[in-house]
Amino acid sequence: MRWPTVWRNEWRLLLADRAPWVLAVLFTAVALYGAWNGRQWSSFQRAAVADIRRADSERLAKLDSLLQRAEGDSTVSVPPAGVLGASGATTHAILDVPPLGGLAVGASDLHPYYARVSVRSKASFMATDEVENPHNLLAGRFDLVFVVVWVLPLLLIALTYNTITGERDQGTMALWRAQPVPASRVLLAKLGVRAGFVLGVACVLLGLMAWLVGVPLGDPAVLLRLLLWLGVVLLYAAFWVGVIAVVNATARSSAASAVLLLGSWLVVVVVIPATVSAVVSAVYPSPSRVALTTALRAASDEAAAQGDTAVNQFLADHPEMLQTGVLAASNAWGRTLAQQERANDAMRPVYAAFDSALAAQHRAAALASMASPAVMAQELLHDLADRSLARFRRFDAAIDRHHEAWQTFFFQRVFGERKVRHAELASLPRFAYDDRSVGEVLAGQGGTLLALLLPTALLWWVGWRRLKRVAVHE
C-alpha cells in the first residue's frame, strides 16, 4: 500500500470525526478576535498619525505665510528663534504603522510612536497625551501572535494527543502488523494527516486574517514578509509536532499522553518565559524612571538657582555658541536654554548609567529567551511584523539624532540673536527613519531561527526513531 492510499484512508477517518471541525470553529473565533484587536489598534494609530501630520502641515504653512509677510512688511512681528524652535516650527518624529502591523501589536502599546521634537530637553517632549488603561498595558493586547504562540499548540495537542496511544488503549495496534503496509507508515500517516489538518486550517485562516487587517498583499516586499511570517508559524508548529510525536511514541496511555503534552505546553509557554522574566528582573533590575525624572528635576532646579553662574559655566564649556562673545541680558531664551543644557550636562552620567542598565537587561533577556521556543517564535513574529522592541529602540536613536540636529540649528540663532528667515524654512532639519529590510531582519534573527530549528530537528529525529520502534516492538 502506497503513501497516498494510507493518507487518503486517514483523511476519510478524520473527516468522519466531529472533533476537528469543532476545534476549527474555535480557532476561527479566537483568530477573528485577535485580528479585530490588531486592526482596531492599527487603525487608531494611523488616524492619530494622520491628525499629527495634518496639524504639522498647517502649522508650517502658517509660519511660511508669516515669514513671507514679515520680509515685505517691517511692522509684521516674527517670534524669536527660541519660540519657533520650541513650538512654532516644530514637527513630529513619527514611527509609521508597519504593513503587517495588524498581525501583531507587540510593544507598540508600551512605547511612544511619535514625539514633537523641540529645543527643549528630550524628557520634556517624549511623553504623549494618550491615556491607556494600565490593566490593558500590563496584560497586553490579544493579537494574532498570541493566538499562534498560545492557542495553536493547544489545538495541535487536542487533535493528536492520542494518535498512537489511542490504538494502544483500544488494543488495535497488533492488527497493524497483519496489514500489507509497514506499521510505521500508518503511524506517520495518522500523525501527519491530523497535524496537517491543523496547520492547513491555521495557514488559511492567518492568510485570511492578514487580508482582513489590511495587509497590502499586492506589494511583493510585504507579501514576502508575510510568507516568512507564516513560515515562522509553521516552524513553531513543527516544534510542537515533534513534541507530540515523541510523547505519543513514549506514553503508555492516552491519559498519560495528554498530561505530558499539556505539561510540556505549560512549561514552554508559561513557566519558562515567566521564570526568565523573573530571573532577568532580579539580576538586572529595571532602572527607575521615577528616579531619573527626580534627578533631572533636581538638576534643573539647581541650574535655575545658580542663575548666571550656570549660564556662564555652560557658555564657558560651549564657546562656539556665542558669536559676539557675550550673552545679552535681554536674551531670555538664550539664558533659559543655557540653564537647561547646563542641567543636561550634569545629567549625562545619570543618562549613561540608565541606558547601560537598560541595555544590559535587554541583552540578558534576549539571551535567556533562547530557553523557550515560544518566546523565540514570538520575537521572530514581532520582528517580521515590525512590532519588536528593537524597532522602538532604533526609533528612539533616530529621535536623538534629530533632536541634536534641531538644537544645533536653533541654538545658532538663539545665541547669535538672529531671527529665522523665510528662506531658512527649507533647511529645517527633517526627521528620517528607515525600517530594516527583510534581509536585515533575517540576518539579525539568524541565531534565533537556528535556536528554534535545532530542537525541532532533534525532536523529529527522536520521534521518528521512537515511532519505528513502536511499530516493530509494540
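Residues numbered from 1 in each chain as written. Predicted model: local features only at pLDDT ≥ 70, side-chain atom pairs only at ≥ 80, totals over all residues. Heavy atoms only, no water.

Peer 1: Help me understand a nonpolar patch on the surface in this model?
Peer 2: Taken together, the side chains of Leu-32, Leu-208, Trp-211, Leu-212, Leu-217, Leu-223 and Leu-227 make up a nonpolar region of the molecular surface, amounting to roughly 620 Å² of accessible area. Per-element accounting of the nonpolar patch gives the leading share, three residues, to helix H9 (residues 183-212). (Patch = residues over 30% accessible without salt bridge, like charges linked within 9 Å, V, L, I, M, F, W, Y side chains within 5 Å. Areas by Shrake-Rupley, 256 points an atom, 1.4 Å probe, with all protein chains shown as cover. Salt bridge = Lys/Arg side-chain N within 4 Å of Asp/Glu carboxyl O. Helix = DSSP H or I, 4+ residues; strand = E, 2+ residues; numbered from the N terminus.)

Peer 1: Quick question: what am I supposed to make of the pattern of salt bridges here?
Peer 2: Pairing is possible between side chains that carry opposite charge, provided their charged atoms lie close to one another. Applying the stated criterion to the full structure yields 13 salt bridges. Here Arg-348 and Asp-345 are joined by a salt bridge, their closest N and O atoms 2.9 Å apart. Separated by three residues within a single helix, Arg-348 and Asp-345 lie in helix H14 (residues 332-368), roughly one turn from each other. Arg-348 gets classed as partly exposed once you look at its relative accessible area, which sits at 46%. Among the charged side chains, a salt-bridge network with shared partners connects Arg-413, Arg-418, Arg-421 and Glu-424. (Buried < 20%, exposed > 50% of the residue type's maximum accessible area, 1.4 Å probe, protein only.)

Peer 1: How do you make sense of the packing of helix H6 (residues 144-160) against helix H10 (residues 220-250) when you look at a structure like this?
Peer 2: The packing of two helices is summarised by the inter-axis angle and the distance between the axes. Running from amino to carboxyl end, H6 crosses H10 at an angle of 30°, the nearest separation of the two axes being 10 Å. With respect to each other, H6 and H10 are oriented roughly parallel. Read as a crossing pair, H6 and H10 show a hand that is right-handed. Residues Leu-144, Val-145, Val-148, Val-149, Leu-152, Pro-153, Leu-156, Ile-157 and Thr-160 of H6 pack against Trp-229, Val-233, Tyr-236, Ala-237, Trp-240, Val-241, Ile-244 and Asn-248 of H10. (Axes fitted to C-alpha atoms, helices over the stretch in contact; angles between N-to-C directions. Parallel < 35°, antiparallel > 145°, perpendicular 65-115°, else oblique. Left-handed = near helix turned anticlockwise from the far one by under 90°. Contact = heavy atoms within 4.5 Å.)

Peer 1: Got a minute to help me understand empty space enclosed by the protein in this structure?
Peer 2: Leftover empty space is mapped by rolling, across the atoms, a probe with the size of a water molecule. A full pass over the atoms with the stated rule returns two cavities of 30 Å³ or more. By volume, the largest cavity amounts to about 40 Å³. Around the largest cavity, the lining residues are Gln-45, Leu-95, Asp-96, Val-97, Ser-108, Tyr-113, Arg-387, Arg-391 and Phe-392. Taken together, the residues of the lining of the largest cavity sort by class into four nonpolar, two polar and three charged. Of the voids in this model, the second largest cavity is the one considered here, and its volume is about 30 Å³. What lines the second largest cavity is simply Pro-20, Leu-23, Ala-24, Leu-155, Leu-159, Phe-197, Val-198 and Val-201. Secondary-structure elements contributing two or more residues to the lining of the second largest cavity are helix H2 (19-72), H6 and H9. Looking at the lining of the second largest cavity residue by residue, the classes come out as eight nonpolar, no polar and no charged. (1 Å grid on protein atoms, 1.4 Å probe; cavity = no way out; pocket = protein on both sides within 12 Å on 5 of 7 lines; lining within 4 Å. Points joined across faces, edges and corners; volume = space filled by probe spheres on them. Nonpolar A, V, L, I, M, F, W, Y, C, P; charged D, E, K, R; others polar.)

Peer 1: I tried to follow the layout of surface pockets on my own but got confused; where do I start?
Peer 2: Considering only enclosed or pocket space, the second largest pocket measures out at about 310 Å³ in volume. In terms of lining, the second largest pocket is formed by 16 residues, of which the most central are Arg-53, His-92, Ile-94, Asp-96 and Phe-431. Of all the elements in the fold, those that place two or more residues in the lining of the second largest pocket are H2 and strand S1 (92-94). With four residues, the top contributor of residues to the lining of the second largest pocket is H2. Taken together, the residues of the lining of the second largest pocket sort by class into seven nonpolar, three polar and six charged.

This is a description of form; function is not addressed.
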